[in-house]
Amino acid sequence: MSDGKIHIFDTTLRDGEQVPGCKLNTEEKVKLAVELEHLGVDILEAGFPVSSPGDFESVNQIAKTLKRTTVCGLTRAVENDIRVAAEALKPAVLPRIHTGIGSSDNHIKYKFNTTRENIIERAVAATKLARNFVPDVEFYAEDAGRADLTFLAQLIEAVIAAGATVVNIPDTTGFCLPHQYAEKISYLVNNVKNIDKAIISCHCHNDLGLATANSIAGAIAGARQIECTINGIGERAGNTSLEEVVMTIQKHPELNLYTGVNAKELTRISRLVSETMRMMVQPNKAIVGDNAFSHSSGIHQDGFLKEATTYEIIAPEEVGADTSKIVLTARSGRSALAFRFKKLGYDFTRDEVDALYQQFLQVADAKKEVADEDLKVLAEAVASIA
Ligand code: KIV
Ligand code: ZN
């Protein structure tokens, strides 16, 4: 675990596509898969082959297309799922089967109506079967976030002995706090025999808005794969957001972690996924939201115009975004107003800006945002008096 490389496992096309109304066809999936490979993700979860003929076809086409990225197909711990996934993944240069089963007592009782012992038996059988088809098998312990820790460790130890190369510890319901999730990973690192034979993976959902924090906490505790989606899309409140993980790691070199993702492509791919899935990105979304590089209050604008780093920890060009925006509202100050006038070609003196400011506030109080057209009207009025 000495190397700090975090393998980025993108599940936009599988867990991400589980967003209601965001279904993609094969052509759209292959196009996004090519873009994700270009972005630099290490593993791409292409779908759940047994779930439908369309998903089988998508996984199969992606397996034929990608040459550098591991292509992964999801299964339950069910023989037919695994056989079908293996078939879909046949053309892949780097195939991975992702199999697993519920691990919390809640899932064991209500989903499977069985015992912990039976869960281990099914997990081991599924892992062994998958290893007959591919050398790279990832096992997921669904709802590990709420699972008993001693049992989770037994389960993980058993699947590693059965040949799992990656062990996924999903916080399926987005329940954990970051320190709790980190403690889970640390416990596995310290208590599971042969844990160094497998990569530990974080798969966190965002029900409490903690998915990225939990994934980073897991990586600090020793996990070396993070499962995530572009724009954080996915079931309910979504999955860990790829762009947040990549930039958090990039902005904190003291963690001694790194990814192979080209951050300059993040804005472009975020927009592409949003358009293809017809799912808008919330304006205040970290890294890729429309407001991520907008400054609207006078105090922030004044600081930003003196020195960008006073209010920006990321420069827009680092993630391929447009330039930062100075948005004019009733909270904006004189320096922002002067800056925006200057951009429109009006080089007013300080006194002129002072005089214009009161008129500007009247317009700003009446509107949510003052546009260039409004500024031109104000500026021309001053020019006609002069
Ligand atoms: O959230 C989850 O537990 C999953 C598994 C299928 C990996 O998506
Ligand atoms: Zn999930």
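Here, the structure is the one placed above.
Residues numbered from 1 in each chain as written. Chains lettered and ligands numbered in written order. Predicted model: local features only at pLDDT ≥ 70, side-chain atom pairs only at ≥ 80, totals over all residues. Heavy atoms only, no water.

1. With respect to the packing of helix α1 (residues 26–39) against helix α10 (residues 266–277)
- Taken N-terminus to C-terminus, the directions of α1 and α10 make an angle of 170°; their axes are 11 Å apart at the nearest point. The angle between the axes of α1 and α10 places the two elements in the roughly antiparallel class. Seen from α1, the contacting residues are E28, K31, L32, E35, L36, H38 and L39; seen from α10, they are L266, R268, I269, L272, V273 and T276.
- Among the residues forming the contact of α1 with α10, the class breakdown is 7 nonpolar, 2 polar and 4 charged. (Axes fitted to C-alpha atoms, helices over the stretch in contact; angles between N-to-C directions. Helix = DSSP H or I, 4+ residues; strand = E, 2+ residues; numbered from the N terminus. Parallel < 35°, antiparallel > 145°, perpendicular 65-115°, else oblique. Contact = heavy atoms within 4.5 Å. Nonpolar A, V, L, I, M, F, W, Y, C, P; charged D, E, K, R; others polar.)

2. Let's talk about the environment of Q359
- Within the secondary structure, Q359 sits in helix α13 (residues 350–366).
- Residue class for Q359 comes out partly exposed when judged on its relative accessible area of 35%.
- As a C-alpha pair, Q359 and I199 span 160 residues in sequence and 62 Å in three-dimensional space. (Buried < 20%, exposed > 50% of the residue type's maximum accessible area, 1.4 Å probe, protein only.)

3. Thoughts on the coordination of the zinc ion (ligand 2)
- Summarising the metal site, the zinc ion (ligand 2) is bound by the protein donors D15 (OD), H203 (NE2) and H205 (NE2), whose distances to it range over 2.0 to 2.1 Å.
- Counting gaps between the donor residues of the zinc ion (ligand 2) yields the pattern D-x187-H-x1-H. Taken together, the residues span a long stretch of sequence, with D15 in the loop between β1 (7–10) and α1 and H203 in strand β7 (residues 199–204) at a distance of 188 residues. Both residues of the pair, D15 and H203, belong to the buried class. (Donors = N, O, S within 2.8 Å, 3.2 Å for Na, K, Ca; no water.)

4. Observations regarding the pattern of salt bridges
- If you walk through the whole model with that rule in mind, you get 29 salt bridges.
- With its nearest N and O atoms 2.6 Å apart, the salt bridge here joins R236 to D207. Remark: D207 occurs in the loop between β7 and α8 (211–220) and R236 occurs in the loop between β8 (225–228) and α9 (242–251); sequence separation between them is 29 residues.
- We note a salt bridge from E318 to K251, for which the minimum N-O separation is 3.0 Å. Separated by 67 residues along the polypeptide, E318 in the loop between α11 (298–306) and β10 (325–326) and K251 in helix α9 bring together distant segments of the chain.
- Where salt bridges share partners, they join E17, K23, K29 and D55 into one cluster. (Salt bridge = Lys/Arg side-chain N within 4 Å of Asp/Glu carboxyl O.)

5. Quick notes on the packing of aromatic side chains
- Counted under the stated rule, the structure contains 4 aromatic pairs.
- With a centroid separation of 6.2 Å and an interplanar angle of 85°, the aromatic rings of F341 and Y346 are classed as edge-to-face.
- Owing to a relative accessible area of 1%, F341 belongs among the buried residues under this scheme.
- For Y346, a relative accessible area of 18% gives the class buried. (Phe/Tyr/Trp six-rings, centres within 6.5 Å; stacked < 30°, edge-to-face > 60°.)

6. Points about α13
- The end-to-end C-alpha distance of α13 is 24 Å, a good match for the 24 Å that 17 residues give at a rise of 1.5 Å each.
- Bending of α13 peaks at approximately 30° at the position of Y357.
- Along α13, the residues that are buried comprise V353, L356, Y357, F360 and A364. (Expected span 1.5 Å × (residues − 1). Bend = angle between axes of the 7 residues up to and from the residue.)

7. Things to note about the nonpolar core
- One finds I156 and L242 to be the most contacted residues of the largest nonpolar core, which totals 93 residues.
- What I156 contacts, discounting residues up to four positions off in sequence, is F139, A141, V167, I169, L188, V192 and I195.
- Counting 17 residues, the second-largest nonpolar core is a separate cluster that includes F341, V353, A364 and V370. (Core = buried A, V, L, I, M, F, W, Y, C linked by side-chain atoms within 4.5 Å.)

8. Focus: the side chain of E17
- Following the sequence through the fold, E17 ends up in the loop between β1 and α1.
- At 2.8 Å, the side chain of E17 forms a polar contact with the backbone nitrogen of L24.
- If we skip the residues at most four places from it in the chain, E17 touches T12, C22, K23, L24, K29 and M277. (Polar contact = N/O pair within 3.5 Å; in protein donor to acceptor, adjacent residues only side chain to side chain.)

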